[in-house]
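What follows is the residue order along each chain.
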Amino acid sequence: MNNTVLELENISYKYKNDLILNKINLKINSGEKIALLGKSGSGKTTLISVLNGTIKPTQGEVKLFNQSFEELDRKQKSKITTIWQDLRLIEDLSAEQNVNCGLLAENNFYFAFKNLLNISSFKKAHKYMKLCRLHNSIYDKKIRKLSGGQKQRVAIARSLIQESNILLADEPFNNLDPKLITTIKNLLLENVDKNKTKKSPKTALVALHRLDLLNDFDKVIGIRDGKIFFNLKRNNLKKIHLEKIY
Amino acid sequence: MNKLKLNYTSLSFLPILVCIPLGYQLINNIHFGGFKLFQEFLISSFNPKIDNEIIITVIKRLNETILIGFFSWLVSIIFGAFFGIISSNIFYKIFNIPNFFYRIVRFFLTIIRSIHEVVWGILLMQIYGINFSIGIIAICIPYIAVNSKVFAEQLETIDYKNFESINQINGPKFSSLLTLIWNPIIYTFKNFGLYRLECSIRSTVILGLFGIGGIGTSIFLSFQTLNFRELWTYLWSLAILIILSGLIFKKIKFNTTNKILSIFFISIFFITILFSFLYFLYFIFNNNFENFNSASSLFKSSSDFRLFDFLKLTLETIILSLLSTGIAISLPPLVIGIFNNNTSKIFIKIFAFLLRLIPTPVILLTLLTFNNPSVSLAALTLGLHNAGITSKLLFTNLDSQDKRNYIAMKSLGISKKTSWLLGLFSHQAKSYLAYCAYRSDIIIRETAIVGVIGSVGLGWQLQESLSSFAWQEVTLVLIAYSCIAIVGELINGKIKNSLT
Ligand SMILES: Nc1ncnc2c1ncn2[C@@H]1O[C@H](COP(=O)(O)OP(=O)(O)O)[C@@H](O)[C@H]1O
Ligand SMILES: [Mg+2]
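**A look at the packing of helix α18 (residues 375-399) of chain B against helix α20 (residues 416-454) of chain B**
All names here are of chain B.
Alright, step 1. Interhelical geometry of α18 versus α20 gives an angle of 140 degrees and a closest axis separation of 9 Å. Viewed along their axes, α18 and α20 form a crossing whose handedness is right-handed. Touching A378, T381, L382, H385, N386, I389, T390, L393, L394, N397 and L398 of α18 are W420, L424, F425, Q428, Y432, Y435, C436, R439, I443, E446, T447 and V450, all from α20.
Alright, step 2. Tallied by class, residues from the contact of α18 with α20 come to 14 nonpolar, seven polar and two charged.

Here it is in structure tokens:
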């Protein structure tokens, strides 16, 4: 009973004269936890941008819930959330305001307005920031004043607060120490919150370089030069596969 | 061998060469008939008239000026932000509107901006008659367009990646837009918007000279009756007003995290929009279009209007802009460099302040007391006034600059002037020139003011055509003005890009 949530059909992406993604076919089923492996510059970030609709592929079609991406309405598109490799937080807003930006989709304009005026409720934002082990002294600090690891977790909190079904995470463990990596990994992939107040995204695709974390994933995709080299169950992954892409 | 190398420093001094043709024409035109008047004008500056009667007039007139200036500032900032948003890329990206409309809006604003508020004022006065509210509207029209450009420029600094990430959250489009533009808008308001209040007060004064009301009208009347002591009372009180308005805004620290203050500003924002809209409607429906109604005047033939004259006046306007820009660029660094000691600095600062304070028409009228009207005289006026403005910027930048190079060079025994030039000014030259490029956009527009008063260029033609209700000519003059300003803006834009 595999129901496909995201699908790429023969996707190519050309930037100037470089073929960055080359005829990619990919199906992501509901509930899957996928690790995306590949060298730097292999096209992971570009693939994620195509999956979330930010980049329009030069060729091929992206389907979300079996519908072409362009035909979807805002609410359906907001079922995807992204943790960007370069975070893409708004530097001049505070950490909590940035996290609250994740709530834009489920709220109206008035909420966005109150958030910017700093008079909205930050209850939910604080909850997620706490889950990401952010200390409450940084809640109202501007992003530009935070350390790399703190920024990283603000970006993660902004993504998790959306409580979307599908999570796309681009090297989310950058800048984090080993203990935090475990915490964040659990947050992204499992229900770890004891009170069960939070649901982890059902489906997750995580680009990463840490091979020791692969055990928590069901599937592994290897990408090299914009081409998918393998797409396997984790149990079937052999050393020789990894040698091909690195 | 000391060769003249073409770098930013020398480029800042070269334009002073305009003084050669300028000086030649001025000397040829000199007459000493009004020299005594000029002397009296200068002496009166130390001896302004002060009595109960004039103080009451001053307060009343200043009130009018503040009212017009403040209100037009508020309206033009708010609507400027609005038009800035709809003429910025980010708006079209978020709403997926074709780029075609972006171009149209920008083009429309460029045209509106290219015409000086005095021209708008004269035009509206001719149509609606002299009226208090004309001042506000005349200032608001070009100011909204100018402000919108600054807001739009700041909005272009929004990181495209931030746009992508907020867009990907898929909130309502207006929410995404507001979240992205919030900081650039606040930043522009703090750094540019507050400074515009001073500009708005100055414009009110200039329009006052043309009869709109406020202190400007008093200045003009006292000048006309050669009542120089009264004139200086008005000028000094205007100086106090401008200094105070600057100080007040420097003291206020806008804290956007302060909730009460935020709500206060938001309410002002909405009240202003509502009020100005109602006011606009009221204005449109309650004013009879006195002169404009006579349709015949629209088609009035203009037999005395010749193409050759028109081209000549256009050329005159261009020359006027070039000459004044030359003075505005080169005079400040030259004077500051030559008289480089603390006492002279104070004198230069005071002189520059006076040049900024005294409205250009008054400077021009004063100079006219001993010189016949000519392009050079108008250029000198406009150049001096703007040199007052560029020198203020130069002083501020020089004062805040790291002086270690300069001190090191001086202690090495290099002469004071050379060390100033190489140790201080050369680091500023590039940004100074970039600012001057921006300033020359304004100078081109201001040629209208001195044109009307000093009978040169298109400004003079505008006055002539308006007073004979030759609307075709007026349209032609306005188009010519627009073209000059737009071409100038394009050239200056290129220069600015190569400097930054
Ligand atoms: N904005 C861009 N402009 C030009 N080239 C780009 C851009 N983004 C990515 N690339 C190129 O696309 C390729 C894939 O990049 P990316 O998707 O970021 O790889 P990864 O995330 O795996 O490191 C690289 O060769 C990179 O140089
Ligand atoms: Mg990447």
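**Re the coordination of the magnesium ion (ligand 2)**
Alright, step 1. Protein-derived coordination of the magnesium ion (ligand 2) comes from T45(A) (OG1) and Q85(A) (OE1), at a distance range of 2.0 to 2.1 Å. Placement of the pair is T45(A) in helix α1 (residues 44-51) and Q85(A) in the loop between β6 (80-83) and α3 (95-101), with a sequence separation of 40 residues.

**Details of the domain arrangement of chain B**
Residues and elements named next belong to chain B.
Alright, step 1. The assigned domain composition of chain B is domain 1 (1-30 + 301-500) and domain 2 (47-292).
Alright, step 2. Between domain 1 and domain 2, the contact holds 34 residues from the first and 33 residues from the second.
Alright, step 3. Each partner contributes to the roughly 2800 Å² buried at the junction of domain 1 and domain 2, and carbon and sulfur atoms together form 77% of this total.
Alright, step 4. On the domain 1 side of the contact with domain 2, L357, R445 and W471 bury the most area, a combined 20% of that side's loss.
Alright, step 5. A salt bridge links R113 to E489, with the nearest nitrogen and oxygen atoms 2.6 Å apart.
Alright, step 6. At the surface where domain 1 touches domain 2, the tally comes to five residue pairs in polar contact (both at pLDDT 80 or more).
Alright, step 7. For the side of domain 1 that touches domain 2, the secondary-structure elements that each account for two or more residues are α16 (342-357), α17 (360-367), α20, α21 (457-467) and α22 (471-499).
Alright, step 8. Ranked by the residues each element gives to the side of domain 1 that touches domain 2, the list is headed by α22, at nine residues.
Alright, step 9. Taken together, the residues of the side of domain 1 that touches domain 2 sort by class into 21 nonpolar, five polar and eight charged.

**A closer look at the confidence of the model for chain A**
Alright, step 1. On average, residues of chain A score 91 in pLDDT, and 95% of them are at 70 or above.
Alright, step 2. This model gives residues 192-198 of chain A a pLDDT under 50, and the stretch forms 11 contacts once residues within four places in sequence are excluded.

**Points about the site of ligand 1**
Residue and element names in this part refer to chain A.
Alright, step 1. Looking at ligand 1, the residues that line it are Y15, I20, K39, S40, G41, S42, G43, K44, T45 and T46.
Alright, step 2. In the model, an oxygen atom of ligand 1 is placed 2.9 Å from a nitrogen or oxygen of the K44 main chain.
Alright, step 3. In this structure, an oxygen atom belonging to ligand 1 sits 2.6 Å away from a side-chain N or O atom of T45.
Alright, step 4. Relative to its unbound accessible area of 560 Å², ligand 1 is 56% covered by the protein chains.
Alright, step 5. The element that contributes the greatest number of residues to the shell around ligand 1 is α1, accounting for three residues.
Alright, step 6. Grouping the amino acids of the shell around ligand 1 by side-chain chemistry returns two nonpolar, six polar and two charged.

**Description of the packing of aromatic side chains**
Residues and elements named next belong to chain B.
Alright, step 1. One pass over the structure, following the stated rule, counts 24 aromatic pairs over all chains.
Alright, step 2. Considering the side-chain rings of Y92 and Y102, the 5.5 Å spacing of their centres and the 75 degrees angle between planes classify their relative orientation as edge-to-face. With a gap of 10 residues between them, Y92 in helix α5 (residues 89-95) and Y102 in helix α6 (residues 99-114) connect regions that are remote in the sequence. Per residue, the accessibility class of Y92 equals that of Y102, and both read buried.

Parameters and conventions
For every chain, the first residue of its written sequence is number 1, and the numbers climb from 1 along that sequence. Chain A is the first chain written and ligand 1 is the first ligand written, with later ones labelled in order. Under the rules for a predicted model, residues below a pLDDT of 70 receive no local features and side-chain atom pairs below 80 are neither given nor counted, while totals for whole chains, interfaces and linings still include all residues. Hydrogens are left out, water is left out, and the side-chain values use all remaining heavy atoms of the structure. All axes here are fitted lines through C-alpha atoms, helices being fitted over the stretch that makes contact, and every angle between N-to-C directions spans 0 to 180 degrees. Secondary structure elements follow DSSP: runs of H or I no shorter than four residues count as helices, runs of E no shorter than two count as strands, and numbering proceeds from the N terminus. For any pair of crossing helices, the crossing counts as left-handed if the nearer helix is rotated counterclockwise from the farther one by less than a right angle, and right-handed if it is rotated clockwise. For this analysis, residues touch if any pair of their heavy atoms sits within 4.5 Å. In the scheme used here, Gly and all other residues not listed as nonpolar or charged are polar, with Ala, Val, Leu, Ile, Met, Phe, Trp, Tyr, Cys and Pro taken as nonpolar and Asp, Glu, Lys and Arg as charged. Shown as donors are all N, O and S atoms within 2.8 Å of a metal ion, widened to 3.2 Å for Na, K and Ca; because water is not in the atom set, sites may appear incomplete. Those domain boundaries reflect an automatic or database domain assignment. The term buried area refers to how much accessible surface (probe radius 1.4 Å) is lost by two components on association, counted for both of them together. The term salt bridge refers to a pairing of a side-chain nitrogen on Lys or Arg with a carboxyl oxygen on Asp or Glu at a separation within 4 Å. Side-chain atoms alone can form a polar contact between residues adjacent in sequence; in general such a contact is a pair of N or O atoms within 3.5 Å, and within protein one must be able to donate a hydrogen while the other accepts it. Confidence of the predictor in every single residue is expressed as pLDDT, which spans 0 to 100. The rule for a residue being near a molecule or strand is that one of its heavy atoms must lie within 4 Å of it. Residue-level accessible areas treat just the shown protein chains as cover; the underlying method is Shrake-Rupley with a 1.4 Å probe. Side-chain rings of Phe, Tyr and Trp (the six-membered ring for Trp) are treated as a pair once their centres are within 6.5 Å; stacked means planes under 30 degrees apart, edge-to-face means over 60, and tilted covers the remaining angles. Buried residues are those whose accessible area, probed at 1.4 Å on protein chains only, stays under 20% of the maximum for their type, while exposed residues exceed 50% and partly exposed ones sit between those limits.

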